[in-house]
Amino acid sequence: MALNYLKMWQHVFKREMNSKRLRPANSIIFITYRCTSRCITCNIWQRTQGKKTELKEMELALPRWTQVIENLHRAGVGTVEVFGGDALLRKDVTIAMIQKCTDLGMDTFFATNALRLDDETAQQLVAAGLGRIYFSLDGIAEIQNRIRGVKQSYTTMQAAIENVYRTRSNSGCQKPLIGIITTVSRTNAEEINAIIAHLEGFPLDFLELQIVGEVAPQSIQSSVIEGIAPTPLFTATSDHSNLLREEQLPVLNAALKSMRPKKRQLNFNINLYHIEPYTAETFCKGIFPQFPCHWCTTVVTLTPSGDVVPCPNYTDFILGNIDQEESLDAIWGNEKHRRFLKQQKSGALRICRQCSMRHSYPGVREKFRHTFYHYLYTPFRR
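Below is a short write-up of the structure. (Residues numbered from 1 in each chain as written. Predicted model: local features only at pLDDT ≥ 70, side-chain atom pairs only at ≥ 80, totals over all residues. Heavy atoms only, no water.)

Side note on the overall build of the protein
Counting its regular elements, the protein contains 15 helices and 10 strands. In terms of overall size, the protein behaves like a compact globule, its C-alpha atoms giving a radius of gyration of 20 Å where 382 residues would be expected to give roughly 21 Å. The 382 residues of the protein split such that 57% are buried. On the protein, the mean spot of the 46 positive side-chain charges and the mean spot of the 36 negative ones are 6 Å from each other. (Helix = DSSP H or I, 4+ residues; strand = E, 2+ residues; numbered from the N terminus. Rg over C-alpha atoms; globule rule 2.2 N^0.38 Å. Buried < 20%, exposed > 50% of the residue type's maximum accessible area, 1.4 Å probe, protein only. Lys, Arg positive; Asp, Glu negative; His and termini not counted. Charge placed at Lys NZ, Arg CZ, Asp CG, Glu CD.)

Observations concerning the pattern of salt bridges
Taken as a whole, this structure holds 11 salt bridges when the rule is applied. Across the salt bridge formed by E59 and R34, the nearest N and O atoms sit 2.9 Å from each other. On the criterion of sequence distance, the pair formed by E59 in the loop between α3 (52-58) and α4 (62-74) and R34 in the loop between β1 (26-30) and α2 (44-47) is long-range, its members being 25 residues apart. With a relative accessible area of 8%, E59 lands in the buried category. (Salt bridge = Lys/Arg side-chain N within 4 Å of Asp/Glu carboxyl O.)

Examining the side chain of T182
Note that T182 resides in strand β5 (residues 177-184). A relative accessible area of 0% places T182 in the buried class. The residues contacting T182, other than those within four sequence positions of it, are L137, D138, N188, I195, L207, E208, L209 and Q210. (Contact = heavy atoms within 4.5 Å.)

Focus on the packing of aromatic side chains
Tallied over the entire structure, the rule returns 9 aromatic pairs. The interplanar angle of 45 degrees and the centroid separation of 6.0 Å between the aromatic rings of W9 and F13 together place this pair among those described as tilted. Of this pair, W9 and F13 both sit in helix α1 (residues 2-21), separated by 4 residues, roughly a single helical turn. Here Y314 and F340 contribute two aromatic rings whose centre-to-centre distance is 5.1 Å and whose plane-to-plane angle is 75 degrees, an arrangement assigned as edge-to-face. Of this pair, Y314 sits in the loop between β9 (307-309) and β10 (320-321) while F340 is found in helix α14 (residues 335-346), placing the two residues 26 residues apart along the sequence. One aromatic cluster in this structure is built from F30, Y33 and F83. Looking at R132, its charged tip hangs above the ring of F206, at a distance of 4.8 Å from the centre. A cation sits over an aromatic face here: K336 above F317, 4.8 Å from the ring centre. (Phe/Tyr/Trp six-rings, centres within 6.5 Å; stacked < 30°, edge-to-face > 60°. Lys NZ or Arg CZ within 6 Å of the ring centre and 35° of its normal.)

On their own, these measurements won't tell you what the molecule is for.
Given below as C-alpha cells:
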C-alpha cells in the first residue's frame, strides 16, 4: 500500500514539473466521434447526428494512427487513453493501437459503454495488453438504460465485464485492471448505496465515483477565444439539468460516509477523489474549485483526424495536425498553444470553472486537497 502511494505522489510531482515545462506526458485519442449510446449527460451523439458518413471519412486509417503512436512515444508520452464516441465502432483500429502501445512500453486505458464488447473482443483486448478498462455504469437495470439511452445497456455491460474477467483469468494475465466509473447525477444520487452493494457481486478491481459535469450555455458564449467557441462534451441533452438538487445532498453525503474504509469492506478498491472534496456549489451549480489546469499543458488531445487541440472542450481550436507534422514538438508549445494557455491561466475562459475532466490530472495542491479529504473526511459544505 505504501509503495502504491509513493508511486502516486511521484506521478503527481512529475506532472507538476511537466506542466511548468510544458512537456507532454499523457494522451487521449478520440479515434471516432460516432457513438452507440444516447447518454443524457453527454452530447457527443447529438453532434454526430446526420454526419456519420462525413465523420467516418475524416477518421485516420490504422497505418497513420500507428505512425501517430510512434510520434507520441518519441515525444515522451507514456500513457494513451483510447476514447470515443464508441471506439469499438473502429474495433480493428482500437485493438491494433493498444497492441502498438504495448509493444512500445506505453500504458493504455480504454473507456467503453460495452455495447459492442462481446467475448471475441474481450479476448482481443486482453491479448493486446490493455492496461486498464473502464466501464461506464450509472445505475442498476432500468436506471442505467435510461441514463445511457439504450434498452440493453445494463445487461450488455454486465456480460462484457464477465467476458473480460473470464478471459483475463483463463489467460493467466493480471491485466487489464477492470473498473467501473459511476457518474453521480440528479438521476441516480439516491441510488449510490444500492449501486455499491450491487457491484460487490461483480469481478472488479476498482470503482471510481465522479460528479456529473455540465457546462451552461452562457459559459460557452463567454469562452470564445480568437473567434472560436468551445465544444464541450458534457452539456444536458434535454431541457432538464443533470446537476443535483440541494435536497439530494444529505442522502449522497450519508452514502459517501458509509464508504469510508473503516466502515465498509469492499472486494474492490474505491476511489472517491473525484467526488469527496467538492461543495454544494459543484454538485448543484456545476462550478468546480479553481486549480491550475494540467490537462492543457501535459495531455495531448487528438481528434479523429489527428488534430492536436488544447483539451476536449476546444476541438475546433486546432494547434496543428500530428498526422501532417514531422513531430509533436512542432505543435506542442507552439505560439498558438501558448496564446491559449495565457487566456486559460488568466481565468478568462469561464468554461474552465465548469470542467469536470481536468480534475483527472491534478497538480500537487489539488492532489493534497483530495488526500486530505480522503483521510480526514468531513461532510461537503453548503
